[in-house]
Amino acid sequence: MENKRVTHTARTILRLWNVGWFLIFWVKYYNRYMFDTYKLFGALFSALTFFIIYSALCNVYKAFRIASTDVSDIVFSQFVSFAAGDLLLYVECSLVYNQIRNFIPTLVVMGIQLAGTSFFSLETKRYFMRHVARQKTLVIYGEQSTEEEAINFENRLLHRYKHLFDILYTESEKMDDDIFLQRLQGVETVIMYNITPGLKIRFTEPCIENRKNFYFTPNIEDILEQGAETKHLLDTPMMKYEYSYNDPRKLVVKRIMDVIFSLLFLIILSPVMLFTAIAIKAEDGGPVFYRQDRYTKNGKIFSMLKFRSMVVDAEKNGVQPSTGENDPRITKVGRFIRRTRIDELPQFINVLKGDMSFVGPRPERVEHVDLYVREIPEFRYRLSVKGGLTGYAQVYGKYNTSAYDKLLMDLMYIENQTTLLDFRIALLTVRTVFQRESTEGFDENESRLIHEEVTGEDAVTGRKREEP
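An account of the accompanying structure is given in this report. Just so it is clear, the structure is predicted and the values come from calculations on it, not from any experiment.

Reading the values: rules and limits
Residues numbered from 1 in each chain as written. Predicted model: local features only at pLDDT ≥ 70, side-chain atom pairs only at ≥ 80, totals over all residues. Heavy atoms only, no water. Helix = DSSP H or I, 4+ residues; strand = E, 2+ residues; numbered from the N terminus. Buried < 20%, exposed > 50% of the residue type's maximum accessible area, 1.4 Å probe, protein only. Areas by Shrake-Rupley, 256 points an atom, 1.4 Å probe, with all protein chains shown as cover. Axes fitted to C-alpha atoms, helices over the stretch in contact; angles between N-to-C directions. Parallel < 35°, antiparallel > 145°, perpendicular 65-115°, else oblique. Contact = heavy atoms within 4.5 Å. Nonpolar A, V, L, I, M, F, W, Y, C, P; charged D, E, K, R; others polar. Patch = residues over 30% accessible without salt bridge, like charges linked within 9 Å, V, L, I, M, F, W, Y side chains within 5 Å. Salt bridge = Lys/Arg side-chain N within 4 Å of Asp/Glu carboxyl O. Pairing = 2+ DSSP bridges. Right-handed = clockwise from strand over helix to strand, strands pointing away. Core = buried A, V, L, I, M, F, W, Y, C linked by side-chain atoms within 4.5 Å.

**Some details on the overall build of the chain**
Then, number 1: Counting secondary structure elements, the chain contains 17 helices and ten strands.
Then, number 2: For the chain, with 468 residues in total, the buried portion stands at 44%.
Then, number 3: Carbon and sulfur atoms make up 59% of the accessible area of the chain, which totals about 25,700 Å².

What follows is the structure in structure tokens.
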């Protein structure tokens, strides 16, 4: 209850601060240009419009989850949300008045909003960590994981959420029922990490009976069930898997949105793309684009476009996974366009052509897919939908997120795909662009690790690894 009281108070303060300052500057500098009469009503209507835009984007970016989010992420999400409201209302004012108004007040109010948001977010986080009690927690790990893997999971969890969880016990799913019940009485939360599916009920039922919070890592079956719909045959409740992602109406709407937005972005970003093409050509005289065969829906192969960021014939000796930013094959221009994600812009052409969609699982290289399927057979389920420019795993995953967890995220998208979810992911991608640790898919580190696991060869040198 204390957690919710603190976060609710912080949410109220942030809303009052950002909406209040918008209203003050709007009335002082812009309202009279929008409304000749009914100025009071106009000001209130403008403030309401700002509030709706701000709140909607805060909801998309989870900007009020102060307890479970880093302060920097909170501030950035808040900034995008209130800045969008400020800018949209400024543009509306200029259009209605048919003359560009002074932009400085908008910059000033954004600065005040940002300063206050940073202060309140930081102080709330500090208060939270000092005064809100951590939840006493039991971690149970499954047979498919070792205790070392469970400890590593705990360390990663506490690295970010040490103010939320106090892990008292770490136990295997093989522990006796008496030990489990004894541990359960001394904790408030249970985290089930990679529990064997058939044993999950053994731990969830006592948690429910004793009103304990619990988390669990889902498996493939858990996620596929999200695509099922309740049906009643006679007096027997049943679940029917509907393949909702193949609904023709949804596919038509998705394709229309892909065409509209790919054209829009190609027009807006054409100066950047032209300048990039000139810079690449000027550096070494090589081709501007790099084409790479990728898999998309139903195993179809297409050539994905990127701006070339490596030297010509970088893979003449076969496919070699990148060794990161220090890879000597990366050109000077390539280093910049990779860091800023400009190298991905030609993929808007793939979206316009229909090879890709705006949102979907990132399409993988043809030569890697067989390796993935051998190591993770469920990987083939990702080919149920068209590959995307951005996806669920790209906005919710991190650079070191495991291949299996990325797969689960992609399947979550496939089973819950809607236009609203696509819109949410597209907006979250704006934030992801500024996060250097965000995941790019499976192509770099995971490609190398899976290649070594399946073939026994070092992915960089191509030599057989020595047995330990």
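**Topic: the packing of helix α9 (residues 248-268) against helix α10 (residues 270-284)**
Relative placement of two packed helices is described by the angle separating their axes and the distance separating the axes.
Then, number 1: Where α9 contacts α10, the axes come no closer than 4 Å and their chain directions differ by 60°. In this view, α9 runs oblique relative to α10, as classed from their interaxial angle. Within the contact between the two elements, α9 uses F265, L266, I267 and I268 and α10 uses S270, P271 and M273.
Then, number 2: A per-class count over the contact of α9 with α10 returns six nonpolar, one polar and no charged.

**Brief notes about unusual backbone geometry**
Most peptide bonds are trans, and most residues other than glycine sit at a negative phi.
Then, number 1: Positive phi values are uncommon outside glycine, yet N194 reaches one of about 55°.
Then, number 2: Its location among the elements puts N194 in the loop between β3 (189-193) and α7 (200-209).
Then, number 3: Since its relative accessible area comes to 22%, N194 is described here as partly exposed.
Then, number 4: Phi at N298 takes a positive value of approximately 60°, unusual for a residue other than glycine.
Then, number 5: Locating N298 in the fold gives a position in the loop between β7 (289-295) and β8 (301-307).

**Points about the environment of K212**
Then, number 1: Mapped onto the elements, K212 comes out in the loop between α7 and β4 (213-216).
Then, number 2: Among the residues examined, K212 registers a relative accessible area of 18% and is labelled buried.
Then, number 3: The sequence separation of K212 and L184 amounts to 28 residues, and the corresponding C-alpha distance is 8.2 Å.
Then, number 4: When near neighbours in sequence (up to four residues on either side) are disregarded, K212 contacts L184, Q185, V187, E188 and C207.

**Observations regarding a nonpolar patch on the surface**
Then, number 1: A surface patch of nonpolar side chains, about 750 Å² in accessible area, is lined by V252, V253, I256, M257, I260, F261, L264, F265 and I268.
Then, number 2: Inspection of the secondary structure assignment puts V252 in helix α9.

**Re the pairing of strand β1 (residues 135-141)**
Then, number 1: Of all seven residues in β1, six are buried, a share of seventy percent or more.
Then, number 2: Here seven bridges tie β1 to strand β2 (residues 165-172), and the two strands are oriented parallel to one another. Considered in β2, the bridge of I140 is made with E171.
Then, number 3: The handedness of the β1 to β2 crossover, carried by helix α5 (residues 147-161), is right-handed.
Then, number 4: Two strands pair when backbone bridges link them, and β1 and β3 are joined in this way by five bridges, in the parallel orientation.

**As for the pairing of β4**
Then, number 1: Pairing geometry for β3 and β4, over four bridges, is parallel. From the neighbouring strand, I191 faces β4, where its bridge partner is Y215.
Then, number 2: Of the crossover connections in this fold, the one passing from β3 over α7 to the parallel β4 is right-handed.

**Considerations on the pattern of salt bridges**
Then, number 1: This model, assessed by the stated rule, comprises 18 salt bridges.
Then, number 2: Ionic pairing is found between K174 and E143, a salt bridge with its closest N-O pair at 3.5 Å. Linking K174 in the loop between β2 and α6 (177-185) with E143 in the loop between β1 and α5, this pair joins segments that are 31 residues apart in sequence.
Then, number 3: Judged by relative accessible area, which is 59%, K174 ranks as exposed.
Then, number 4: Judged by its relative accessible area of 52%, E143 is exposed.
Then, number 5: What you see here is one network of salt bridges that share partners, running through D70, D73 and R160.

**Here we look at the nonpolar core**
Then, number 1: Core analysis: the largest hydrophobic core is formed by 66 residues, its most contacted members being W26, Y54, F307, Y413 and I425.
Then, number 2: Here the element with the most residues in this core is helix α1 (residues 2-34); it accounts for nine residues.
Then, number 3: With sequence-adjacent residues up to four places away left out, Y54 is seen in contact with L14, R15, N18, V19, F64, Q78, S81 and F82.
Then, number 4: Core analysis: the next-biggest nonpolar cluster, separate from the first, contains 14 residues, F128, Y141, L157 and I191 among them.

**Description of the sheet that holds β4**
Then, number 1: An order of β2-β1-β3-β4 is seen for the four strands of this open sheet, with the pairing classed as parallel. Looking at which strands have only one partner, the edges of the open sheet turn out to be β2 and β4. In this sheet, neighbouring strand axes are inclined to one another by 20° on average, regardless of whether the strands run parallel or antiparallel.
Then, number 2: Sitting on the sheet, α5 touches β1, β2 and β3, and the angle it makes with β2 is about 170°.

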